[in-house]
Amino acid sequence: MVVTLDAPSLMPPSTEPRTTGSRPRKRVVIRWWIYLALLPLAVFIGYFAYYPAVSAIFWSFFHWQPAAESTFLGFGNYITMFSDQIWWSSFRNLGLIFLFAVVSWVFPLLAAELLISLRSARWQFTMRTLLIVPMAFPGVVTALVWGFFYSPNDGVINQTLKALGLEALAQNWTGQESTALLSLLFVGFPFIAGLPFLIFYSSLQNIPTEVLEAAQLDGVGRFARFWQIDLPLMASQVRILLFLAVVGTLQYGFVAYILTAGGPDNATMVPILRMINVAFQGGDWGYSAALSTTLFLITIIISAVVVLARKRGSSTADGGAM
Amino acid sequence: MTTGTATPRRSRLERQIGLKTVLIAFAAVALAPYLFMVVTSLKTNQQFADSFWQVSFPLHFENYAVAWEQIQPYLFNTAIVAAISIALILLIASISGFVLARYRFAGRGFIYGAVLVLMMVPGLANLIPLFIIMKDLGLLNTYIVLVIPYTVGGSVLGTILIRNFVEGIPQTLFDAARLDGASGVRMYRSVMLPLSLPVLGTISLITVSEVWNDFFWPLLVISDNSLRTVSVGLQFFQGQNATDYGPLMAGYLIASLPLVLLFTFLSKYFLAGVQGGVPGAH
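Below, the structure is looked at part by part. (Residues numbered from 1 in each chain as written. Chains lettered and ligands numbered in written order. Predicted model: local features only at pLDDT ≥ 70, side-chain atom pairs only at ≥ 80, totals over all residues. Heavy atoms only, no water.)

## Describing a nonpolar patch on the surface
Line of reasoning, step 1. A grouping of A:Trp32, A:Trp33, A:Leu36, A:Leu39, A:Val43, A:Tyr47, A:Tyr51 and B:Leu137 is seen on the molecular surface, where their side chains present a nonpolar patch of about 820 Å² in accessible area.
Line of reasoning, step 2. Residue position: A:Leu39 is located in helix α2 (residues 32-59). (Patch = residues over 30% accessible without salt bridge, like charges linked within 9 Å, V, L, I, M, F, W, Y side chains within 5 Å. Areas by Shrake-Rupley, 256 points an atom, 1.4 Å probe, with all protein chains shown as cover. Salt bridge = Lys/Arg side-chain N within 4 Å of Asp/Glu carboxyl O. Helix = DSSP H or I, 4+ residues; strand = E, 2+ residues; numbered from the N terminus.)

## So, the environment of B:Pro247
Residue and element names in this part refer to chain B.
Line of reasoning, step 1. With respect to the secondary-structure elements, proline 247 resides in helix α13 (residues 245-265).
Line of reasoning, step 2. By relative accessible area, proline 247 is classed as buried at 10%.
Line of reasoning, step 3. Taking the C-alpha atoms as reference, proline 247 lies 9.3 Å from phenylalanine 61; in sequence the two are 186 residues apart.
Line of reasoning, step 4. Setting aside anything within four residues of it in sequence, one finds proline 247 in contact with Asn63, Val66, Ala67 and Phe237. (Buried < 20%, exposed > 50% of the residue type's maximum accessible area, 1.4 Å probe, protein only. Contact = heavy atoms within 4.5 Å.)

## Digging into the nonpolar core
Line of reasoning, step 1. Ranked by internal contacts, the top residues of the largest apolar core, which has 178 residues, are A:Phe197, B:Met37, B:Phe98, B:Trp217, B:Leu234 and B:Tyr252.
Line of reasoning, step 2. In terms of residue count, helix α4 (residues 62-102) of chain B provides more of this core than any other element does, 14 residues in total.
Line of reasoning, step 3. Mapped onto the domain boundaries, this core takes at least three residues apiece from domain 1 (7-50) and domain 2 (62-276) of chain B. (Core = buried A, V, L, I, M, F, W, Y, C linked by side-chain atoms within 4.5 Å. Domains from an automatic or database assignment.)

## Quick notes on the interface of chain A and chain B
Line of reasoning, step 1. At the interface, 99 residues of chain A touch 92 residues of chain B.
Line of reasoning, step 2. When chain A packs against chain B, close to 9,100 Å² is buried across both sides, 77% of that on carbon and sulfur atoms.
Line of reasoning, step 3. Among the residues chain A hides against chain B, the three largest losses belong to A:Leu41, A:Phe48 and A:Arg119. Together they make up 7% of the total.
Line of reasoning, step 4. Seen at the junction of chain A and chain B, the total is zero salt bridges.
Line of reasoning, step 5. Linking chain A to chain B there are eight residue pairs in polar contact (both at pLDDT 80 or more). (Buried area = accessible area lost by both parts, 1.4 Å probe. Polar contact = N/O pair within 3.5 Å; in protein donor to acceptor, adjacent residues only side chain to side chain.)

## Quick look at the side chain of B:Asp214
All names here are of chain B.
Line of reasoning, step 1. Tracing the backbone through its elements, the reader meets aspartate 214 in the loop between α10 (197-213) and α11 (216-221).
Line of reasoning, step 2. One buried charged residue, aspartate 214, remains without a salt bridge, the closest side chain of opposite sign being arginine 228 at 13 Å.
Line of reasoning, step 3. At a separation of 3.0 Å, a polar atom in the side chain of aspartate 214 contacts the side chain of tyrosine 150.
Line of reasoning, step 4. Excluding residues that lie within four positions of it along the chain, aspartate 214 makes contacts with Tyr150 and Ser231. (Lys, Arg positive; Asp, Glu negative; His and termini not counted.)

## So, the packing of aromatic side chains
Line of reasoning, step 1. Taken as a whole and judged by the stated rule, the model has 47 aromatic pairs over all chains.
Line of reasoning, step 2. Relative to A:Trp59, the ring of A:Phe58 lies with its centre 5.1 Å away and its plane at 80°, an arrangement referred to as edge-to-face.
Line of reasoning, step 3. Between A:Trp88 and A:Phe91 the ring centres are 5.8 Å apart and the planes differ by 40°, which places this aromatic pair in the tilted class. Residue A:Trp88 and its partner A:Phe91 are located together in helix α4 (residues 85-103), separated by three residues, close to a single helical turn.
Line of reasoning, step 4. The side chain of B:Arg228 reaches across the aromatic face of B:Phe236, ending 4.7 Å from its centre. (Phe/Tyr/Trp six-rings, centres within 6.5 Å; stacked < 30°, edge-to-face > 60°. Lys NZ or Arg CZ within 6 Å of the ring centre and 35° of its normal.)

## Some words on the packing of α4(B) against α10(B)
Any two packed helices are characterised by how steeply their axes cross, that is the angle between the axes, and by the distance between the axes.
Residue and element names in this part refer to chain B.
Line of reasoning, step 1. It is the contact of α4 with α10, at a shortest axis distance of 9 Å, that shows an interaxial angle of 145°. Read as a crossing pair, α4 and α10 show a hand that is right-handed. Facing α4, whose interface residues are Leu75, Thr78, Val81, Ala82, Ser85, Ile86, Ile89 and Leu90, α10 presents Leu200, Ile203, Ser204, Thr207, Val208, Val211 and Trp212. (Axes fitted to C-alpha atoms, helices over the stretch in contact; angles between N-to-C directions. Left-handed = near helix turned anticlockwise from the far one by under 90°.)

## Thoughts on helix α12 (residues 230-240) of chain B
Line of reasoning, step 1. Restricting attention to buried positions, one finds in α12(B) the residues B:Val230, B:Ser231, B:Val232, B:Gly233, B:Leu234 and B:Phe237.
Line of reasoning, step 2. Of the surrounding secondary structure, the elements contacted by the buried residues of α12(B) are α7 (139-150) of chain A together with α4, α10, α11 and α13 of chain B.

## Observations concerning the environment of A:Ile116
Residues and elements named next belong to chain A.
Line of reasoning, step 1. With respect to the helices and strands, the residue isoleucine 116 is situated in helix α5 (residues 106-117).
Line of reasoning, step 2. As for isoleucine 116 and leucine 204, which are separated by 88 residues in sequence, their C-alpha atoms are 7.1 Å apart.
Line of reasoning, step 3. Excluding anything up to four places from it in sequence, isoleucine 116 contacts Gln124, Tyr201, Leu204, Gln205, Arg222 and Arg225.

So this is what it looks like as structure tokens:
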């Protein structure tokens, strides 16, 4: 979020078309065509982004019936929300999903460190390409194929266990409460193909060779280098990743929808699914709007905190990624 | 690392066998589901039951014909929606980005701020109210209802990317153009657009992958199977062919192929997009 007001001197000449005549009263001239040029953008984000957000807040105070008369409820929907067990357990699931996501960065981090240590440029390129190929596949395909892996009868995992003589370990992975959430989390294992890996790898590539040579002269080993050079230099990137992981987690949903639909017995329920179910199956649009508004506020608050923290923090952190 | 020890160990170090083994293992595990998909897509159910793991002959390419029949409308819809969205996004974002970067006017900071804020808010938070708005407008089950949210998300991201990019273009270029008598429109068309082609490409790729991957919006606003896009279509397709493993996997593969090809040939822009389009706005 760096607002680069880099060179004010660039602006004045370009703002004023060199027409003769209107020199003395520059400021009075309102260039209406500038606003005309921005109109499409304003209409789109105004009507399809800001207006829905505001209308969700408004309707969250009603027993909202889009096709009929809606009755005012005050904070009724929010009070319902506070005693909604499914809603809150869906946040517990989100917490687990977030923790798992962050812990699973071990794999991309390890892969990036190993990759950067390869001396052969050709090997580096080949391995990097192979490792990121899964990113090219649509998320739904990945979810569906993993769903196939988990399926109780012909699923790859159970078949493998059978082939190894471990039939006793075969499970209905996504169909029982004890393993359903864990099964969802393991979709995409080993989690290397993704933004964290790209960011780790490119920041490792960007460490100046002088630093590494100096470290080598001082006898810093590979592990010491990781702790003393690599990690500190990645700190600002990791903060961005943490923020993205929070936002990404709040949006988590389609994998759960495809593999478990939030079940069994709400064991894999997440807020987005709850919100959709309340509206489309329960028909309680006002309550859904309240849930939507809550999610929206949580996101805004987290983002604001992060932006403020970044502003207050080191100004050296380049906003390249944001 | 480069300091060699005894010669036999040195050559092993030199070849980095351990490192490579671990990396290959990672890649193998990561790619296994997709390889399994390819292998299974060429089998009949009988072959699947007989040889779960191995490639089994004869290869049944007709599975692809069966799958294509069902997947092809989804691909077509996705391509249409992506194309319309990209056209709108590039138009809106390039004009807005250009104006916001090169002109100073009352409300400039406000407008840009309003765009930046949207970067922080995932579109999913608007799902419910936006659905009702579209329903009231009578737009459910149309291409338009799909195009709109992608255009909004893409315009936000695109405006920011283009604004930042155009600010980086040296002012001397614009000055030179003005000396030659170029108007604002002319500068937009002849100076800024040609220079911004890489950014425009990145934005287009982000949009394609967004349209291809988005799930909940098309799930909710499209109930007519002939209008479904790939991700929701695939889920429906899975329901139809759940026990026909060959065509099922062939369908998954066909649905992935366009994105995989784009990724292969344009991976530079693709990765730039992934890293530049960061705060999950869509």
